[in-house]
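Fold and contact review
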Amino acid sequence: MKAVVLTRFGGPDAFELREVPVPATGPRQVRVRVHATALNPLDSQIRRGDYADQVELPAIIGHDVSGVVDQIGSDVTEFRVGDEVYYTARIFGGPGSYAEYHVADVDIVARKPVNISHAEAASVSLVGVTVWEGLVERAGLQVTETVLIHGGAGGVGAIAVQVAKAIGARVLATARGSDAAFVEGLGASAVIDFEREDYVEAVNRLTDGKGVDVVLDTLGRDTLSRSPRILREDGRVVTLVDTAMPQNLIDAWGRNATYHFVFSRQNSSKLDALTRLIERGLVVPQVGMEFPLDEVARAHARSEEGRIKGKIVLRVRL
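Right, let's walk through the structure included here. (Residues numbered from 1 in each chain as written. Predicted model: local features only at pLDDT ≥ 70, side-chain atom pairs only at ≥ 80, totals over all residues. Heavy atoms only, no water.)

**Comments concerning the overall build of the protein chain**
Here is the rule: Strands are runs of DSSP state E lasting at least 2 residues, helices are runs of H or I lasting at least 4, and numbering of each runs from the N terminus. Only the C-alpha atoms count toward the radius of gyration. The rule for a globule is 2.2 Å times the residue count to the power 0.38. Think of it in three bands: residues with accessible area under 20% of the maximum for their type are buried, residues over 50% are exposed, and the middle band is partly exposed, with areas taken using a 1.4 Å probe on protein chains only. In this description, accessible areas are obtained by the Shrake-Rupley approach with a 1.4 Å probe, and a residue is regarded as covered only by the protein chains that are shown. Positive charge is attributed to Lys and Arg, negative charge to Asp and Glu, and no charge count is given to His or to the chain ends. A charge is said to be at NZ when it belongs to Lys, at CZ for Arg, at CG for Asp and at CD for Glu.
Secondary structure summary: the protein chain contains nine helices and 15 strands in total. Over its C-alpha atoms the protein chain spans a radius of gyration of 20 Å, differing by no more than 12% from the 20 Å that the globule rule assigns to 318 residues. Counting only C-alpha atoms and orienting by the principal axes, one finds that the protein chain spans roughly 60 × 40 × 35 Å. Sorting the 318 residues of the protein chain into buried and exposed places 55% on the buried side. In the form shown here, the protein chain has an accessible surface area of approximately 13,700 Å², with 48% of it arising from carbon and sulfur atoms. The centroid of the 36 positive side-chain charges in the protein chain is displaced by 3 Å from the centroid of its 42 negative side-chain charges.

See the structure below:
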């Protein structure tokens, strides 16, 4: 099969397109003919060498998969050859999704929503699971609560806005002013132009000084230390960003705030919940750009330029 292989840690030119063996299928695994995969910030971090101690080179990276079951293991009863599925590959758990075929344990695989394409399904698998774990399982976002979502136009933020809206929460989001209409169309009741207004001042203005119940951090920087300034009593902060920068959290103590540091854990039940929202039209995947698999270097370079609404998708099978 064809696969994009990371040969060294570095820039977007560190990939090579190679012919590699088709992976074998274990008793409780399925082999999937990959139709589409997608880029995530984690992919760029791995490529740069941020996790060099967990990635043995040469390596096939990538985490989103949407495709068709090509082979099932001897003990698999949940799926049949020909089923359309989507899932997130195990993070640091073996070869990734930048390839024509991928093998996965059945407990992380879900049936693809019937009303979306493979490109759309690939764009939503990892971010969708991450958002579900962050907002639903960890923060416990409730109807009538208010949430601030940082980066509402991004790959994670665009899904988070929709999931929060589907829950029944009031959604505030940060984004560039040029992206405000896009984010409002996803379900945000107000969009804060972070290039023109400080989000702490904006949130306090929009909530009459009461603050928000939940903050979803997709950006990092000083969000952990500044979030308590806009939190209600017993508010929750969910961050999806690993940061080594020291931050003073004394204001969180004054709010009885709870912090959740989320590194997404894959399982099919989260995707099944997401599928129900997608098939009801409450969540619509947002594909910002598409590239063929052999242009992965260009896709990575474009991703790092920023200013993309939604996700970048790699087409593996045309």
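**Some points on the pairing of strand E9 (residues 170–175)**
This is how the line gets drawn: At least two bridges found by DSSP between two strands are what make those strands a pair. Look down the strands so they point away from you; if the path from the first strand over the helix to the second goes clockwise, the crossover is right-handed.
In terms of burial, E9 is a largely internal element, five of the six residues being buried. Note that E9 and strand E10 (residues 190–193) share four bridges and pair parallel. Along E10, the bridge assignment pairs Ala175 with Asp193. As for the winding sense of the linkage, the β-α-β connection from E9 through helix H4 (residues 180–186) to E10 is right-handed.

**Brief notes about the packing of aromatic side chains**
Spelled out, the test is: Only centres within 6.5 Å qualify two rings of Phe, Tyr or Trp (six-membered ring in Trp) as a pair; their planes then separate them into stacked at under 30 degrees, edge-to-face at over 60, and tilted for everything else. Here, a charge over a ring is recorded when the distance from Lys NZ or Arg CZ to the ring centre is within 6 Å and its angle to the ring normal is within 35 degrees.
According to the stated counting rule, one finds four aromatic pairs in the structure shown. On the numbers, 6.0 Å between centres and 55° between planes, the contact of Phe15 with Tyr98 is tilted. Taken together, the residues span a long stretch of sequence, with Phe15 in strand E2 (residues 15–19) and Tyr98 in the loop between strand E5 (84–88) and strand E6 (101–105) at a distance of 83 residues. The interplanar angle of 25° and the centroid separation of 6.4 Å between the aromatic rings of Tyr259 and Phe261 together place this pair among those described as stacked. Residue Tyr259 is classed as buried on the basis of its relative accessible area of 18%. Each member of the aromatic cluster is reached from another via a ring pair, and the members are Tyr51, Phe92 and Phe263. The ring centre of Tyr101 lies 5.4 Å from the NZ or CZ of Arg33, which sits over that ring.

**Focus on helix H2 (residues 118–138)**
Note the threshold: Any helix carries an expected span of 1.5 Å times its number of residues minus one. Note that bend, as reported per residue, equals the angle between axes fitted to the 7 residues terminating at that residue and the 7 residues originating from it.
With 21 residues, H2 extends 29 Å between its outermost C-alpha atoms, agreeing within 8% with the 30 Å of an ideal straight helix rising 1.5 Å per residue. The largest bend along H2 reaches roughly 40° and is located at Ser125. With its phi angle positive at about 60°, Gly140 sits one or two positions after the end of H2.

**Considering the pattern of salt bridges**
Rules: For this document, the term salt bridge refers to a Lys or Arg side-chain nitrogen within 4 Å of an Asp or Glu carboxyl oxygen.
In this structure the tally under the stated criterion is 26 salt bridges. The salt bridge involving Arg48 is made with Asp50; its shortest N-O contact spans 2.9 Å. On the accessibility criterion, Asp50 (43% relative accessible area) is partly exposed. Close ionic contact of Asp198 with Arg226 constitutes a salt bridge, the shortest N to O distance being 2.8 Å. Residue Asp198 is found in the loop between E10 and helix H5 (199–206), and its partner Arg226 is found in helix H6 (residues 223–226); the two are separated by 28 residues along the sequence. Several salt bridges share partner residues, and in doing so they unite Glu133, Glu137, Arg138, Arg265 and Lys270 into one network.

**Notes on H5**
Every α-helical turn comprises 3.6 residues, leaving residues that sit three or four positions apart pointing alike. Heads up, the condition is: The arc in question is formed by the directions pointing from the helix axis toward the C-beta atoms. In what follows, a contact means two residues having at least one pair of non-hydrogen atoms within 4.5 Å. A 3.5 Å cut-off defines polar contacts: any pair of N or O atoms within that distance qualifies, except that in protein one atom must be a possible hydrogen donor and the other a possible acceptor, and neighbouring residues in sequence count only when both atoms are side-chain atoms.
Taken residue by residue, H5 has Tyr199, Val200, Ala202 and Val203 as its buried positions. Each buried residue of H5 sits inside an arc of 165° when the element is viewed along its axis, so together they form one side. Where the residues of H5 are buried, they touch strand E8 (146–149), E9, E10, strand E11 (212–217) and H6. Residue Asp198 occupies the N-cap position of H5, its side-chain oxygen lying 3.0 Å from the main-chain nitrogen of Val200. Asp208 lies just past H5 and shows a positive phi near 55°.

**Examining the environment of Asp272**
Positionally, Asp272 belongs in helix H8 (residues 268–279). As for Asp272 and Val109, which are separated by 163 residues in sequence, their C-alpha atoms are 9.4 Å apart.

**Section: the side chain of Arg31**
Structurally, Arg31 can be placed in strand E3 (residues 29–38). The class for Arg31 is buried, based on a relative accessible area of 15%. At 3.5 Å, the side chain of Arg31 and the backbone oxygen of Pro23 are in polar contact. The residues touching Arg31, leaving out its near neighbours within four places in the chain, are Val22, Pro23, Thr25, Val68, Val69, Asp70, Gln71, Tyr101, His102 and Val103.

**Here's the deal with the environment of Pro23**
Inspection of the secondary structure puts Pro23 in the loop between E2 and E3. Taking relative accessible area as the criterion, Pro23 reaches 23% and is therefore assigned partly exposed. Among all residues touching Pro23, those that are not within four sequence positions of it are Met1, Arg31, Tyr101 and Val103.

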